[in-house]
Amino acid sequence: MISFEGVTKRYPGGTVAVNDLSLEAPTGEITVFVGPSGCGKTTSLRMINRMIDPTEGRVLLDGRDVREIDPPTLRRGIGYVIQHGGLFPHRRIVDNIATVPYLLGWDKKKARGRARELMERVGLGDELADRYPYQLSGGQQQRVGVARALAADPPVLLMDEPFSAVDPVVRASLQEELLRLQAELRKTIVFVTHDIDEAIKLGDRVAVLRVGGHLAQHATPPELLAAPADDFVRSFLGRDRGIRLLSFLPAEDLLLRRDLVVRREDPAPEGADWVVVVDEDRRPLGWRAAWNGHLTAFGTYRVKHDSLRAALDAALLSPCGAAIAVDDEGRVEGVVTRDVLDVALVRAAADAYSGGEGG
Ligand code: ADP
Ligand code: MG
């Protein structure tokens, strides 16, 4: 665990970059620092690995003041990833990744073996090993940066706007890969970004900072969306908070109607205006209206993995406002009718807003 205890950083000249920051970044979780440019994110991050020392207060790593640990020892346990990867331009990819193992005195073969293993882990083809950074795309360079930070298997990873310089599509895939890696590795990650959507996607907990280095709110993403602490956080979060909140609520508990799922040759049950028609493998063919028998468009969501947002989306894509629930193989498990969905949405809102002020 990383703890900030009353940390203030005043730069020469008088700028207060971080103002009395107290928070904890739990072990094995991703804590995101988010806020506008100049709010003290980078300064906060660098006080963890002692690239910057606080003016007041202290930063603890597993209960120990980092200022009691000499910087090289400290940094051996802390991977650091920055924008553009921060790669050495004159070193091949494999040697960039092996930087820390070389510093630790590993023999060359072992260090390169480790580097190649990490390349695979972060989704880089083996053929890139002997290239130089300028021969890689921006997204590939960021992956190299992540692999290099992981090379000596440090328990802590600091990431300063690592994905900010790549285009949105590549960025989304880098974010997915970080989450996938983290599910395996369970590092203690402090991730800095100015992008609130990135913060909400990646963070187990999110610390929202405002200019002057004040902590405005520290909460889980659903807590932030449901109950922003003040107008600054509310406006920083932007629009559609209610809809975005639904992404964090599971759809698994929605009541399924199985009687509304029929084969092509079957009649609809008594009183049903719409049924879902499935093939012999229970895959959906479309909605069928009682009055004309035509098959029309439909939306589906996965019962086990999708959120209430996905279920609502599926309902909006169907002619009768009901969602088709499928299993992981895409076979129909049942139908969530509009009234069931309405009750779930109302209850979700009530639960979320009971935690704090609305807005
Ligand atoms: P962020 O990463 O959120 O953009 P920084 O931590 O880089 O913010 O900077 C916070 C504030 O401290 C800004 O006002 C910035 O200008 C100032 N600052 C950062 N580094 C220095 C420095 N070395 N000397 C003086 N002021 C600095
Ligand atoms: Mg910064």
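Higher on the page you've got the structure.
These numbers come from a predicted model, not from an experiment.

Trainee: So what exactly am I meant to see when it comes to the pairing of strand β8 (residues 188–193) here?
Mentor: For a regular strand, the rule is simple: side chains alternate between the two faces of the sheet. In terms of residue burial, β8 counts as a mostly covered element, since six of its six residues are buried. Residues of β8 alternate between two faces, with Thr188, Val190 and Val192 on one and Ile189, Phe191 and Thr193 on the opposite face, all of them buried. Alignment of strand β3 (residues 30–34) against β8, held across five bridges, turns out to be parallel. Each residue of the ladder has a partner; that of Val32, found in β8, is Phe191. As paired strands, strand β7 (residues 156–160) and β8 are joined by five bridges and run parallel to one another. Bridging across to β8, Leu158 finds its partner in Val190.

Trainee: Would you mind going over the sheet that holds strand β16 (residues 323–326) with me for this structure?
Mentor: Backbone-to-backbone hydrogen bonds pair the strands of a sheet. The strands run either parallel or antiparallel. Judged by pairing direction, the sheet is mixed, and its three strands sit side by side in the order β15-β16-β17 without closing on themselves. Each edge of the open sheet carries a strand with a single partner, namely β15 (300–302) and β17 (332–336). With strand direction ignored, the average angle separating the axes of adjacent strands in the sheet is 30°. Examined bridge by bridge, β15 and β16 share three bridges and lie parallel to one another. Each residue of the ladder has a partner; that of Tyr301, found in β16, is Ala325. Contacting β15 and β16, helix α12 (residues 308–316) runs over the sheet at an angle of about 160° to β15.

Trainee: How should I be thinking about the side chain of Ser164 in this particular structure?
Mentor: Checked against the element boundaries, Ser164 lands in the loop between β7 and α7 (168–185). Within the structure, the side chain of Ser164 is placed 2.8 Å from the side chain of Glu161, a separation counted as a polar contact. Ser164 has contacts with Gln83, Arg171 and His194, leaving out every residue within four places of it along the chain.

Trainee: What exactly am I supposed to notice about the pattern of salt bridges here?
Mentor: Close approach of charged atoms allows side chains with opposite charge to pair. Enumeration over the complete set of coordinates arrives at 23 salt bridges. Arg171 is the salt-bridge partner of Asp195, the closest N and O atoms lying 3.5 Å from each other. Here Arg171 lies in helix α7 and Asp195 lies in the loop between β8 and α8 (196–202), a separation of 24 residues in the sequence. The shortest N-O distance in the salt bridge between Asp231 and Arg234 comes to 2.7 Å. One end of the pair is Asp231 and the other is Arg234, both in helix α10 (residues 231–237) and three residues apart, which spans about a single turn. Exposure remark for Asp231: the relative accessible area of 58% places this residue in the exposed category. Through salt bridges with shared partners, a single network forms among Arg143, Glu177 and Arg180.

Criteria and thresholds
- Just so you know, the residues in each chain are numbered from 1, in the order the chain's sequence is written.
- Here every chain gets a letter starting at A, and every ligand a number starting at 1, in the order they are written.
- Per-residue local features of the predicted model are confined to residues with pLDDT of at least 70, and side-chain atom pairs are confined, for both listing and counting, to 80 or more; whole-chain, interface and lining totals are unaffected and use all residues.
- Side-chain metrics rest on all non-hydrogen atoms present in the structure, leaving aside hydrogens and water.
- Each residue is assigned to one of three classes by its accessible area relative to the maximum for its type, calculated with a 1.4 Å probe on protein chains only: buried under 20%, partly exposed between the two thresholds, exposed over 50%.
- Helical segments are the DSSP runs of H or I of at least four residues, strand segments are the runs of E of at least two, and each set is numbered from the N terminus.
- At least two DSSP bridges between two strands are needed for those strands to be called paired.
- Every axis in this analysis is a line fitted to C-alpha atoms, fitted for helices over the stretch in contact. Angles between the N-to-C directions lie between 0 and 180 degrees.
- Residue contacts are counted whenever heavy atoms from the two residues lie within 4.5 Å of one another.
- Each polar contact in these results corresponds to two N or O atoms within 3.5 Å; when the atoms are within protein, one needs to be able to donate a hydrogen and the other to accept it, and residues that are neighboring in sequence are counted only if both atoms are side-chain atoms.
- The working definition used for a salt bridge is a side-chain nitrogen of Lys or Arg within 4 Å of a carboxyl oxygen of Asp or Glu.

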